[in-house]
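A look at the structure
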Number of protein chains: 2
Amino acid sequence: MSTLVFGHKNPDTDSVCAAIALADLKKKLGETITPAIQGELTPESKFVLEKFKVAAPAVVTSFAGKDVYLVDHSDLAQSPDDLGEANILGIVDHHKLGDVTTSQPLECWIWPVGCTCTVIKSMYDFNKIEIPKDIAGIMLCAILSDTVIFKSATCTDADKKACEALAKAAGITDTQALGMDMFKVKSAVDGTPVRELVLRDYKDFNMNGKKVGIGQLEVVDLSILDKVKADLEKDIIALKKEGGRHSVFLLLTDIIKEGSEVLIASDDESVIEKAFGATPKNSKVWLDGVMSRKKQVVPNLEKAFA
Amino acid sequence: MSTLVFGHKNPDTDSVCAAIALADLKKKLGETITPAIQGELTPESKFVLEKFKVAAPAVVTSFAGKDVYLVDHSDLAQSPDDLGEANILGIVDHHKLGDVTTSQPLECWIWPVGCTCTVIKSMYDFNKIEIPKDIAGIMLCAILSDTVIFKSATCTDADKKACEALAKAAGITDTQALGMDMFKVKSAVDGTPVRELVLRDYKDFNMNGKKVGIGQLEVVDLSILDKVKADLEKDIIALKKEGGRHSVFLLLTDIIKEGSEVLIASDDESVIEKAFGATPKNSKVWLDGVMSRKKQVVPNLEKAFA
């Protein structure tokens, strides 16, 4: 039976590409393993896989009885609902340590870097296995995406070094241009249903017993979102109600201005003030310099909820 | 402020030596870091540190406000009581993934091998840093201890390979003899208070909401324990009551016969039958071939409690 490797719900480019890369590496180490995704590809991920002619993983949502590796998450809220019936062989991630537990010893490579694919690059090196050209290309894109072309507070020297080596392996000479092409695809919102935009890069967290959803849209210019903003505000209120959530926050991140406008739907907006020292107006607030959900938003909110 | 690195409560040789080794490695990588232990050294650990002339870490039990690395555990029940007020920078371990969580990204090296020191050996190699002779010696002993000189079901090829390299680095030619010397020290019980024997290698687990303690004494011949067995049986009943535990199990492991007699103090002895298919008599049962708490006892008990 094939082992499955997959990233979090609402897969982003790192979750998709890390699953594909880890499957490639583990296959070369002798395991029978297939990458999977927990939901449909985003336009950005589609662009990346098409650019490097890599097949999209199948969407799988039930993992009971399977051997699995998790990539890019260790939070139950982002895992399949039946993860408890799966056998977790390992986790490769770059986030805080979540609430996934196991009853058997496992293999974890979790590093405080900008992207899971940076960790997997080191795993290839550690095992002295060469990264194929196409896999190097998608891993490079995942790092550019997660680090917002090296601008995010999460970006480390290890990410930059990995990108340099991956660009060489993939035959890419202008990394910056590749990144901007990708973010232009990511910025396009025309014709996309509003719920799809909210969920495009969305994660639920358990914060001190409260269910808190945090979505993020990264664009090359916030004005792109002007015509859909009112609908986004309405939709996060709906999403909050549907899931019995305490809050839903949607970060509209301007990757050029380097900051985020947060749209707020919450039972208690004061958590935002507690977390960031900024006062929301009309359930919105601009956070200058805040680009990383993982490093700048989640830890501050967790403290505010504690 | 110095970062602290420490293993689990009731430190065994791996918890002590892994903390010392990780501190050495991280120091060489530029961190200010000191090893610590959560409790007194066992006779085995004392023997090992004295043999290789390595200083014993200080006993530290409060870590609030400190930056810390955990080694050899990721279970809150085995962590300091104020771990929630510490900042966890990383975990190096070889057990199941426990219930420790963080709100910041961290560095985890957790591998399904026989000993934390085997993982740390790979971390030295990954960072291309040479292991000092004395540190290599104590790491070798930790692996010999945790794998019961390669006899345990937890022992992997990686452990054996690490020992080969570490023995060379430490100038040890007869690894087997070193292991037996260590286990002879470990087997000595004369003059040791009975509670100290019960707690010598003891861990509490949360199994489906029940507090379950599992201790282990490894000896070169079970007859060594004949004169203290009645006292051990009485003491685990007392220990069970004191801590509001559902069960305390004490494994008396014969490393030559390769099996364990389990002494049982439990609200429901049938969990043993469920877990191992063997029926206790007079609150005792012999489990042939069972030597590893981690790989053979904990997973089966967790299933029985589920």
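Worth saying up front: this structure is predicted, and the values here are computed from it rather than measured. (Residues numbered from 1 in each chain as written. Chains lettered and ligands numbered in written order. Predicted model: local features only at pLDDT ≥ 70, side-chain atom pairs only at ≥ 80, totals over all residues. Heavy atoms only, no water.)

**Comments concerning the relation of the copies chain A and chain B**
- By a simple turn and slide, chain A fits onto chain B: the slide is 0.0 Å along the axis, the RMSD is 0.1 Å, and the turn is 180°. The transformation just described matches what one would write down for a two-fold rotation axis. Relative to the rotation axis, the closest C-alpha in chain A is found at Trp-109 of chain A, a distance of 2.7 Å.
- In this assembly the copies share their binding face: 100% of the residues contributing to the interface of chain A also contribute to that of chain B. (Least-squares fit on C-alpha atoms with pLDDT ≥ 70 in both. Contact = heavy atoms within 4.5 Å.)

**Examining the UniProt feature "domain: DHHA2" (unreviewed entry) in chain A**
- Feature annotation in UniProt places "domain: DHHA2" (unreviewed entry) on residues 179-305 of chain A, given in this structure's numbering.
- The distance from the first to the last C-alpha atom of residues 179-305 of chain A is 35 Å, and the span holds 39% helix and 29% strand. (UniProt positions renumbered as here; feature names shortened; annotations may be inferred. Helix = DSSP H or I, 4+ residues; strand = E, 2+ residues; numbered from the N terminus.)

**Describing the pattern of salt bridges**
Residues and elements named next belong to chain A.
- This structure, assessed with the given rule, holds 38 salt bridges over all chains.
- Residue Lys-186 is joined to Glu-218 by a salt bridge in which the shortest nitrogen-to-oxygen separation is 2.5 Å. Here Glu-218 lies in strand 8 (residues 210-219) and Lys-186 lies in helix 6 (residues 175-187), a separation of 32 residues in the sequence. For the pair shown, Lys-186 and Glu-218 are each scored as buried.
- Residue Arg-195 is joined to Glu-242 by a salt bridge in which the shortest nitrogen-to-oxygen separation is 3.0 Å. With a gap of 47 residues between them, Arg-195 in helix 7 (residues 194-199) and Glu-242 in helix 8 (residues 229-242) connect regions that are remote in the sequence.
- A network of salt bridges, in which partner residues are shared, links Lys-26, Glu-31 and Glu-107. (Salt bridge = Lys/Arg side-chain N within 4 Å of Asp/Glu carboxyl O. Buried < 20%, exposed > 50% of the residue type's maximum accessible area, 1.4 Å probe, protein only.)

**So, the interface of chain A and chain B**
- With 25 residues of chain A in contact, the opposing surface of chain B contributes 25 residues.
- Of the roughly 2,300 Å² buried where chain A meets chain B, counting both sides, 67% is carbon and sulfur surface.
- Summed over the shared surface of chain A and chain B, the result is zero salt bridges.
- On inspection of chain A and its partner chain B, the count reaches four residue pairs in polar contact (both at pLDDT 80 or more).
- Contributing elements (two or more residues each) for the side of chain A that touches chain B: strand 6 (107-110), helix 3 (116-126) and helix 10 (293-305) of chain A.
- Here the side of chain A that touches chain B gets four residues from one element, more than from any other, and that element is strand 6 of chain A.
- Summarising the sheet, strand 6 of chain A and strand 6 (residues 107-110) of chain B pair through three bridges and their orientation is antiparallel. Considered in strand 6 of chain B, the bridge of Trp-109 of chain A is made with Trp-109 of chain B. (Buried area = accessible area lost by both parts, 1.4 Å probe. Polar contact = N/O pair within 3.5 Å; in protein donor to acceptor, adjacent residues only side chain to side chain. Pairing = 2+ DSSP bridges.)

**Focus: the side chain of His-95 of chain B**
- Of note, His-95 of chain B is situated in the loop between strand 5 (87-93) and strand 6.
- Looking at His-95 of chain B, the relative accessible area reads 12%, which means it is buried.
- Within the structure, His-95 of chain B has its side chain in polar contact with the backbone oxygen of Asp-72 of chain B (distance 3.3 Å).
- Separated by 2.7 Å, the side chains of His-95 of chain B and Asp-93 of chain B make a polar contact.
- Not counting residues up to four positions away in its chain, the partners in contact with His-95 of chain B are Pro-105 and Leu-106 of chain A together with Asp-72, His-73, Ile-110, Lys-203 and Lys-294 of chain B.

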